[in-house]
Amino acid sequence: MSDAPAYTVVVPTIGRPCLAECLRALVAAADHPPHEVVVVDDRPAPDGGLALETAGQLLDRVRTLRTGGRGPAAARNAGWRTVRTPWTVFLDDDVQVLPDWSRRLAADLRAAGPDVGGVQGRLRVPLPPDRRPTDWERTTKGLENAAWATADMAYRTEVLKRTGGFDERFPRAFREDADLALRVRRAGWALVRGERVTRHPVRPAHWWASLPAQRGNADDALMNRLHGRDWWDRAQAPRGRLPRHLAVTGAALAAASCALSGRRRAATACAALWALGTAEFALARILPGPRTVREIAGMLGTSVLIPPLAVRHWMRGAVRHRHAEPLGGAA
């Protein structure tokens, strides 16, 4: 593999236990090892060390940085800006590369023509074989079709330099990868899917995990501002349910307003529309799932709360980023 391009792996982490499995898997894929592994510790207040000893024979190639809780975009930027190899490969700390990963990565990078700025790995999300997946598991499964996800994404280091890397206005692990991909393509580089495969287990989550996830609507508002309202298609991103959430939330507000003004028939009609919209949302999440009492209860409760939360975060993002400069004339 001496003719394969050299690469550095950058892994942002907040100290989750899964980092150990990520490093172990990287060691097991030993055919074409990385020049370095940069582990970026993004814990706001580090309490103890990281499980770096699991890097085994790669330990002498591991280097750590600290970014103090500034988010994954800032952590990845801190990592790639220290890279000295032609390629930078981003891995999330909750993925596990397969044993043939480095061999396939070498083939992916060798096959990349001079116009290719990035090569995406193929994610595989294992689901329980003995039951239907939960709503959270199905959401994670969607990563298999996500375009340019930095769970496993290789970029030419020069491309990162020319585009400035990740936009740190995206504070979560959400949309910062799509934003970078759109800017890379706007700069004239191609992005392709490689043949290497990386396993992305479903991490444990509380039944209410879908509620804090609604903060991502603020990032969608920033994407609208930067890339125009057609960015969904260009980024190959699912549109989501925000239009329906707006309608359901509007019906709830209208029902309350009509009730306060004494317009009972109008209030009843609006309340019925809210109930129908909420029921449709809940059923869309319950029917494909395991339909256990716990799952059904969680879906009913969160389906009531998600629409107004989504709208609130979207409006907050629209206000916060209203002065953001559109890229290339996008509106």
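Owing to the predicted nature of the structure, the values given are computational and were not obtained by experimental measurement.

Conventions used here
Residues numbered from 1 in each chain as written. Predicted model: local features only at pLDDT ≥ 70, side-chain atom pairs only at ≥ 80, totals over all residues. Heavy atoms only, no water. Axes fitted to C-alpha atoms, helices over the stretch in contact; angles between N-to-C directions. Helix = DSSP H or I, 4+ residues; strand = E, 2+ residues; numbered from the N terminus. Parallel < 35°, antiparallel > 145°, perpendicular 65-115°, else oblique. Contact = heavy atoms within 4.5 Å. Nonpolar A, V, L, I, M, F, W, Y, C, P; charged D, E, K, R; others polar. Expected span 1.5 Å × (residues − 1). Buried < 20%, exposed > 50% of the residue type's maximum accessible area, 1.4 Å probe, protein only. Bend = angle between axes of the 7 residues up to and from the residue. Core = buried A, V, L, I, M, F, W, Y, C linked by side-chain atoms within 4.5 Å. 1 Å grid on protein atoms, 1.4 Å probe; cavity = no way out; pocket = protein on both sides within 12 Å on 5 of 7 lines; lining within 4 Å. Points joined across faces, edges and corners; volume = space filled by probe spheres on them. Phe/Tyr/Trp six-rings, centres within 6.5 Å; stacked < 30°, edge-to-face > 60°. Lys NZ or Arg CZ within 6 Å of the ring centre and 35° of its normal.

Chemist: What am I meant to see in the packing of helix 9 (residues 242–260) against helix 11 (residues 293–320) here?
Modeler: Any two packed helices are characterised by the angle at which their axes cross and by the distance between the axes. Contact geometry for helix 9 and helix 11: axes closest at 8 Å, N-to-C directions at 110°. For the element pair helix 9 / helix 11, the angle class is roughly perpendicular. In this structure, helix 9 contributes L242, H245, L246, V248 and T249 to the contact, and helix 11 contributes I306, P307, P308, A310, V311 and W314. Tallied by class, the residues present in the contact of helix 9 with helix 11 amount to nine nonpolar, two polar and no charged.

Chemist: Could you clarify how one ought to interpret helix 7 (residues 216–227) in this entry?
Modeler: Side chains three or four residues apart in an α-helix point the same way, a direct result of the helix having 3.6 residues per turn. Spanning twelve residues, helix 7 covers 16 Å between terminal C-alpha atoms, matching the ideal 16 Å at 1.5 Å per step. Burial of helix 7 is extensive: eleven of the twelve residues sit out of reach of the surface. When helix 7 is considered as a whole, its buried residues turn out to be G216, N217, A218, D219, D220, A221, L222, M223, N224, L226 and H227. The inward-facing, buried residues of helix 7 abut helix 6 (176–186), helix 8 (231–234), helix 9 and helix 11. Where helix 7 ends, the next residue or the one after it, G228, has phi of about 85°, a positive value.

Chemist: In this structure, what is going on with the packing of helix 6 against helix 7? I would like to understand it.
Modeler: Contact geometry of helix 6 with helix 7 gives a least axis separation of 11 Å together with a crossing angle of 10°. In terms of their interaxial angle, helix 6 and helix 7 are classed as roughly parallel. Across from A178, D179, L182 and R183 in helix 6, the residues of helix 7 making contact are M223, L226 and H227.

Chemist: Can you help me understand helix 11 in this one?
Modeler: Its 28 residues place the ends of helix 11 40 Å apart at the C-alpha level, agreeing with the 40 Å of an ideal helix rising 1.5 Å per residue. The axis of helix 11 is deflected most strongly, by about 35°, at I306, and proline P307 appears within four residues downstream. Every buried residue of helix 11 is listed here: E295, G298, M299, T302, S303, I306, P307, A310, V311, H313 and G317. Its buried side turned inward, helix 11 meets helix 4 (135–141), helix 7, helix 9 and helix 10 (264–286).

Chemist: Would you mind going over the nonpolar core with me for this structure?
Modeler: One broad trend across soluble globular proteins is that nonpolar side chains are buried collectively. By size, the foremost hydrophobic cluster in this structure holds 32 residues, and its most contacted members are Y7, V9, L26, L91 and W101. Among the elements that line this core, the one with the most residues is helix 1 (residues 18–28), at six residues. Once residues within four sequence positions are removed from consideration, W101 is found in contact with Y7, V9, L26, A29, V89, L91, D152, R196, V197 and T198. Ranked by size, the runner-up nonpolar core spans 20 residues in total, among them V38, A75, V184 and L191.

Chemist: What exactly am I supposed to notice about the layout of surface pockets here?
Modeler: By volume, the second largest pocket is sized at about 310 Å³. The wall of the second largest pocket is formed by 16 residues, among which T134, A205, H206, W207 and E295 lie closest to the centre. Its residues placed into classes, the lining of the second largest pocket shows six nonpolar, five polar and five charged.

Chemist: Would you mind showing me how to read unusual backbone geometry here?
Modeler: Where the residue is not glycine, phi is negative for most of them; where a peptide bond is considered, it is trans in most cases. The phi torsion at R175 lies on the positive side, around 75°, for a residue other than glycine. Along the polypeptide, R175 turns up in the loop between helix 5 (157–163) and helix 6. Positioned with a positive phi, R291 is a non-glycine residue whose angle comes to about 60°. Mapped onto the elements of the fold, R291 is located in the loop between helix 10 and helix 11.

Chemist: Looking at this model, I keep getting lost on the packing of aromatic side chains. Mind explaining?
Modeler: The geometry of an aromatic ring pair comes down to the distance between the two centres and the angle between the two planes. Evaluated as defined, the whole model comprises four aromatic pairs. When the centroid spacing of 4.1 Å and the interplanar angle of 25° are considered together, the rings of W231 and W232 count as stacked. Judged by its relative accessible area of 0%, W231 is buried. Overall, the relative accessible area of 7% leaves W232 in the buried class. Just above the ring of F166 sits the side chain of R76; from NZ or CZ to the centre is 5.4 Å.

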